[in-house]
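Structure assessment
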Amino acid sequence: MVDQLRVVVVGAGLAGLRVVESLREKGSEASIVLVGEEAHEPYDRPPLSKHVLRGDREPMFLREEYESLGADLRLGVTATGLGDHVLRTGDGDIEFDHLVIATGAAPRRLPGAPGLVLRTLDDARALSPYLSPGKTLGIVGAGLIGCEVAASARTKAAEVHLVDVLDGPLIRVLGPVLSARIADLHREHGVHLHLGTGVASASSDRLALADGTVLDVDVVLEAMGVAPSVGWLEGSGLTLDNGVRCDAGGRAGDGVWAVGDVANWAGVRHEHWTSAGEQAATVAAAITGVPVTHEAIPYWWSDQYDVKLQGLGSPAADDDVVIVDVGPRQRPLAVYSRDGRLTGVVGFSAGAAVMKLRQEIADGAPVADVLAALAG
Ligand SMILES: Cc1cc2nc3c(=O)[nH]c(=O)nc-3n(C[C@H](O)[C@H](O)[C@H](O)COP(=O)(O)OP(=O)(O)OC[C@H]3O[C@@H](n4cnc5c(N)ncnc54)[C@H](O)[C@@H]3O)c2cc1C
């Protein structure tokens, strides 16, 4: 008799859970253990900076029940290391044939970690009371999380100071043209922007900026991006290089795979909801012995005020960019290109136009043709 295959998934977030679900959907009868250090059952993170923070929706758990998955869900258990086909945890060793690493990423901190962060449900619950009239938030970092929290806080009539050492919100990802539009959006909603200046010192209720400005606030949010959660893998023999280094199909070593925010697939690490699910399906397919080719085009979204930003493709901040107004409501669509070829698009509540360009992005279509079609 052949022994039952043992699959251990570490990290009970979106990517980890999707691996387990995908294995079962593909008919795998493996014995599966899902290990996660948070006490909560897997939940969705995007609503945390939006509805959950504003208090207008309950947290969204990713599944209602676990029995039908037939997996051993071990919550509140932290993985501490990796041996030869054995995962070390705070609750003992677990042997595996396949290990899928899905430990996500953790916020970067200011020296001394004086503020709050927003990554988990507990973080959202700690921050939420500050989103109310009369409160002032000092947000360090105008990336996706910083911008979304700023928007949620203004919606709840809190004062917001948004600080970034760079010259514009999201500028490293979207480039200066779109960044300027997003800065305007926040200014129009009353956010105090402090751009091009770092933090000289910070305490829990005060930010001293490098340009001499001192901000007295009720809470500091540290939103300077995340680092992949790989500390527990030091010395494991895996290559740790901006996450767990994998091939183009998520394989990191002998029977070891990585998916989601922690995973660097062939030099690219995504921090987006959609790619976590796509990578999970690809790795589950490989484990079941029916590999599929991973050809996903990166997609992300962000809700700020009444605007849904949606990005498709892999534009670089220094790509050429043209903004055109599309659809019956003439919504802005940023079209990115390099050497005359389409690299990606970002829409402002222009989802239909964004999605229609999937094939052109995959093909690297001539941008002149794309712009002509949009104009016609
Ligand atoms: C507030 C917020 C808003 C977001 N909004 C958007 C959005 O609008 N659009 C978008 O595309 N993306 C968004 N994202 C990103 C998206 O949620 C992530 O890309 C996605 O959650 C990644 O899933 P993951 O499973 O790789 O990591 P995670 O969801 O972080 O899950 C990893 C899990 O592993 C656990 N873990 C870590 N270390 C260990 C260990 N040693 N042992 C055991 N368990 C461990 C962690 O506790 C965590 O539960 C947002 C993220 C956040 C935080």
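As shown above, the structure is provided for reference.
In this text, all values refer to a predicted model and were calculated from it rather than measured experimentally. (Residues numbered from 1 in each chain as written. Predicted model: local features only at pLDDT ≥ 70, side-chain atom pairs only at ≥ 80, totals over all residues. Heavy atoms only, no water.)

Here we look at the site of the ligand
The line we're drawing: A single heavy atom is enough: if one lies within 4 Å of a molecule or strand, its residue is considered near that molecule or strand. N or O atoms closer than or at 3.5 Å make up a polar contact, with two conditions inside protein: a donor-capable atom paired with an acceptor-capable one, and, for residues adjacent in sequence, both atoms drawn from side chains. Per-residue accessibility takes into account occlusion by the displayed protein chains alone, with areas from the Shrake-Rupley method and a 1.4 Å probe.
Taken together, the neighbourhood of the ligand is formed by 31 residues, with Glu38, Arg45, Lys50, Arg119 and Asp261 sitting nearest. Between the ligand and the protein, one listed contact pairs an oxygen atom with a side-chain N or O atom of lysine 50 at 2.7 Å. A distance of 2.8 Å separates an oxygen atom of the ligand from a polar atom in the side chain of aspartate 261. Considering the ligand on its own, with 1,000 Å² of exposed area, one finds that the protein chains cover 95% of that surface.

Structural notes on the side chain of threonine 136
For clarity, the cut-off: Segments assigned H or I by DSSP are reported as helices when at least four residues long, segments assigned E as strands when at least two residues long, and all are numbered from the N terminus. What makes two residues a contact is simply this: any of their non-hydrogen atoms within 4.5 Å.
With respect to the helices, strands and loops of the structure, threonine 136 is situated in strand β9 (residues 136–140). Discounting chain neighbours no more than four positions away, the residues touching threonine 136 are Glu159, His161, Asp216, Val217, Asp218 and Val219.

Notes on the packing of aromatic side chains
To keep it simple, the criterion reads: Ring pairs are drawn from Phe, Tyr and Trp, using the six-membered ring of Trp, whenever the two centres fall within 6.5 Å, and their geometry is named by plane angle: stacked under 30 degrees, edge-to-face over 60, tilted for the rest. The cut-offs for exposure are 20% and 50% of the maximum accessible area for each residue type, with area from a 1.4 Å probe on protein chains only; residues under the lower value are buried, those over the upper are exposed, and the others partly exposed. In our convention, an over-ring charge means Lys NZ or Arg CZ found within 6 Å of a ring centre and within 35 degrees of that ring's normal.
Per the stated rule, a full pass over the model turns up three aromatic pairs. Seen from their ring centres, tyrosine 43 and phenylalanine 61 are 6.3 Å apart, and the 80° between their planes marks the pair as edge-to-face. With tyrosine 43 in the loop between β2 (31–36) and α2 (51–54) and phenylalanine 61 in the loop between α2 and β3 (71–75), the pair connects residues that are 18 residues apart, well separated along the chain. Ring centres of tyrosine 299 and tryptophan 301 lie 6.4 Å apart, and the angle between their planes is 25°; this geometry places the pair in the stacked category. A residue is classified by how much of its surface remains accessible, and tryptophan 301, at 21% relative accessible area, is partly exposed. Clustering of aromatic rings is evident, with ring pairs tying together Trp273, Tyr299 and Trp301. Directly above the aromatic system of tyrosine 66 lies the positively charged group of arginine 63, at a separation of 5.9 Å from the ring centroid.

Details of helix α5 (residues 171–188)
Heads up, the rule is: In this analysis, the expected span of each helix is defined as 1.5 Å times one less than the number of residues it contains. Here the bend at a residue is taken as the angle between two axes, fitted respectively to the seven residues that end there and the seven that start there.
Here α5 contains 18 residues, and its C-alpha end-to-end distance of 18 Å is more than 12% below the 26 Å for a straight helix at 1.5 Å per residue. Along α5, the sharpest change in direction is near 90° and occurs at valine 177. Leu174, Gly175, Leu178, Ser179, Ile182, Ala183, Leu185 and His186 are the residues of α5 that are buried. Once α5 finishes, glycine 190 follows within two positions and takes phi at roughly 85°, a positive value.

Some thoughts on helix α6 (residues 273–287)
Compared with an ideal rise of 1.5 Å per residue, which puts 15 residues at 21 Å, α6 spans 22 Å between its outermost C-alpha atoms and is within 8% of the ideal. Taken residue by residue, α6 has Thr274, Ser275, Ala276, Gln279, Ala280, Thr282, Val283, Ala284, Ala285 and Ile287 as its buried positions. Looking at the residues trailing α6, positive phi occurs at glycine 289, about 85°.

Quick notes on the packing of helix α1 (residues 14–25) against α6
For the record, the criterion: Lines fitted to the C-alpha atoms define the axes, with helices restricted to the stretch that makes contact. Angles between their N-to-C directions range from 0 to 180 degrees. An angle below 35 degrees is treated as roughly parallel, one above 145 as roughly antiparallel, one from 65 to 115 as roughly perpendicular, and anything else as oblique. Handedness of a helix crossing follows the sense of rotation of the near helix relative to the far helix, less than a right angle counterclockwise being left-handed and clockwise being right-handed.
Two elements in contact, α1 and α6, have axes whose closest approach is 8 Å; the angle formed by their N-to-C orientations is 40°. Compared by their axis directions, α1 and α6 come out oblique. For the element pair α1 and α6, the recorded crossing hand is right-handed. Side by side, α1 and α6 meet where Leu14, Ala15, Arg18, Val19, Ser22 and Leu23 of the first sit next to Trp273, Ala276, Gly277, Ala280, Ala281, Ala284 and Ile287 of the second.

Keep in mind that these numbers describe shape and distance, not what the molecule does.
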